[in-house]
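Below, each chain spelled out in residue letters.
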Amino acid sequence: MQMVTPLLTLVRVCVYVFLIAPIAVVVLASFNAGNFLTFPPQGLSLRWFWTFLQNDVFINAILYSAILAACATAVSLVVGTMAALYFVRHARREAELVRIGVLLPLILPEILTAIALLFFFYEIGIGTEHKIALFTGHVLMTLPFVFLNVVTSLQSRDDAAELAARTLGASRYTAFRRITLPLIAPGVATGAVFAFIISFDTFGISFILKGSGSAPLPIQLYDYLRFNFTPEAAAVSTVSIIMTVLLLGLADLVFGKK
């Protein structure tokens, strides 16, 4: 047993290094004072962050991704919460079918989901020129995260309080709004944070279903790196990483103890 503990510690450290090292390289490269994206940096400078802030293409891409992620998250919150309520409280023999159906976009490779949606929207005559295809893809990718978090919150709560409210004359909607929703709020909020992050950063769905016009940030970065190899791309990535960390930290600060 004394030999196992140091070995497990070493394995954990190696896993963390493997996961964090690429992120650390990108962050350090964003402070590169040179003209090309190299590592280690050729001096330290904030010049590429200033260049990024003056680049309307990247700023518009960030705003577009944020709006798209917010809208997809809002729809996922409604649909995912309703699916979780049905799964926990009403589904019986079909419970496993419901769970697999909601989690299927998470189980399948993202590229397969994107191609299936692409075929579907072209078959019904919409194609990718309308934003509905891209929006639907983002909703499907974010829905499982809301569903899982709300299901966990519902399964850890007792229905007695809501049943008591119903027996005292409260309607089903009033009992849910005043009793159940505040109790599962941490799960709903955590699901919303994860859904927003997934939608903001997803690449495969956006790459396949993006039409003409504005592009989400991951696609804009991909197009930029095809013709340019400057640390500006690393600066944009660093800003995206900081936004993700701040959202996760805020969710943990507000709802972690709950």
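**Let's talk about the overall build of the chain**
Summing up its helical and strand segments, the chain has 11 helices and zero strands in all. Mapped from its N terminus to its C terminus, the chain presents α and β elements in the order α-α-α-α-α-α-α-α-α-α-α. When the backbone C-alpha atoms are referred to their principal axes, the chain occupies close to 70 × 65 × 30 Å. Summed over its atoms, the accessible surface of the chain is roughly 15,200 Å², and 71% of this surface lies on carbon and sulfur atoms. Between the centroid of the 16 positive side chains of the chain and the centroid of its 13 negative side chains there is a distance of 9 Å.

**A short note on helix α8 (residues 172-201)**
Between the first and last C-alpha of α8 there are merely 37 Å, a value that for 30 residues lags more than 12% behind the 44 Å anticipated at 1.5 Å per step. Along α8, the sharpest change in direction is near 55° and occurs at Ala-185; proline Pro-186 comes one to four residues later.

**Considerations on the nonpolar core**
Within the largest apolar cluster, 17 residues are counted, with the highest numbers of intra-cluster contacts made by Ala-84, Phe-147, Val-150 and Leu-154. Listed by contribution, the elements that provide at least two residues to this core are α3 (56-89), α4 (95-107), α6 (131-155) and α8. When residues in this core are grouped by element, the largest group, six residues, is from α6. What Val-150 contacts, discounting residues up to four positions off in sequence, is Thr-81, Ala-84, Ile-184, Gly-187 and Val-188. Grouped together as the second largest cluster of nonpolar side chains are 12 residues, Phe-52, Ala-61, Leu-221 and Tyr-224 included.

**What to know about the packing of helix α7 (residues 160-167) against α8**
Relative orientation and spacing of two packed helices are given, respectively, by the angle between their axes and the distance between those axes. In the contact formed by α7 and α8, the axes pass within 9 Å of each other and the chain directions differ by 140°. Taken as axis vectors, α7 and α8 run oblique relative to one another. Every pair of crossing elements has a handedness; the one defined by α7 and α8 is right-handed. Facing Ala-161, Glu-162, Ala-165 and Arg-166 of α7, the residues of α8 in contact are Arg-172, Ala-175, Phe-176, Ile-179 and Thr-180. Residue composition of the contact of α7 with α8, grouped by class: five nonpolar, one polar and three charged.

**Comments concerning the packing of α3 against α4**
Direction vectors running N to C along α3 and α4 enclose 155°, while the axes themselves pass 9 Å from each other. On the basis of their axis angle, the class for α3 and α4 is roughly antiparallel. Where α3 crosses over α4, the two elements pack in a sense that is left-handed. Counting all contacts with α3, which are made through Ala-83, Tyr-86 and Phe-87, the residues of α4 involved are Ala-95, Val-98, Arg-99 and Val-102. Among the residues making up the contact of α3 with α4, the classes are represented as six nonpolar, no polar and one charged.

**Here we look at the confidence of the model for the chain**
Overall, the predicted model of the chain reaches an average pLDDT of 83, with 96% of residues at or above 70. Ranking the elements of the chain by mean pLDDT puts α7 last, at 73, and α3 first, at 91.

**Description of the packing of aromatic side chains**
Under the criterion given, the structure shown has nine aromatic pairs. Pairing Phe-87 with Phe-147 gives two aromatic rings, centres 5.6 Å apart and planes at 65°, and the pair type is edge-to-face. Taken together, the residues Phe-87 in helix α3 and Phe-147 in helix α6 connect sequence positions 60 residues apart. For Phe-87, a relative accessible area of 14% translates into the label buried. The class of Phe-147 is buried, set by a relative accessible area of 1%. Pairing Phe-120 with Phe-121 gives two aromatic rings, centres 5.2 Å apart and planes at 75°, and the pair type is edge-to-face.

What counts as what
- Residues numbered from 1 in each chain as written.
- Predicted model: local features only at pLDDT ≥ 70, side-chain atom pairs only at ≥ 80, totals over all residues.
- Heavy atoms only, no water.
- Helix = DSSP H or I, 4+ residues; strand = E, 2+ residues; numbered from the N terminus.
- Areas by Shrake-Rupley, 256 points an atom, 1.4 Å probe, with all protein chains shown as cover.
- Lys, Arg positive; Asp, Glu negative; His and termini not counted.
- Charge placed at Lys NZ, Arg CZ, Asp CG, Glu CD.
- Expected span 1.5 Å × (residues − 1).
- Bend = angle between axes of the 7 residues up to and from the residue.
- Core = buried A, V, L, I, M, F, W, Y, C linked by side-chain atoms within 4.5 Å.
- Buried < 20%, exposed > 50% of the residue type's maximum accessible area, 1.4 Å probe, protein only.
- Contact = heavy atoms within 4.5 Å.
- Axes fitted to C-alpha atoms, helices over the stretch in contact; angles between N-to-C directions.
- Parallel < 35°, antiparallel > 145°, perpendicular 65-115°, else oblique.
- Left-handed = near helix turned anticlockwise from the far one by under 90°.
- Nonpolar A, V, L, I, M, F, W, Y, C, P; charged D, E, K, R; others polar.
- pLDDT = per-residue confidence, 0-100.
- Phe/Tyr/Trp six-rings, centres within 6.5 Å; stacked < 30°, edge-to-face > 60°.

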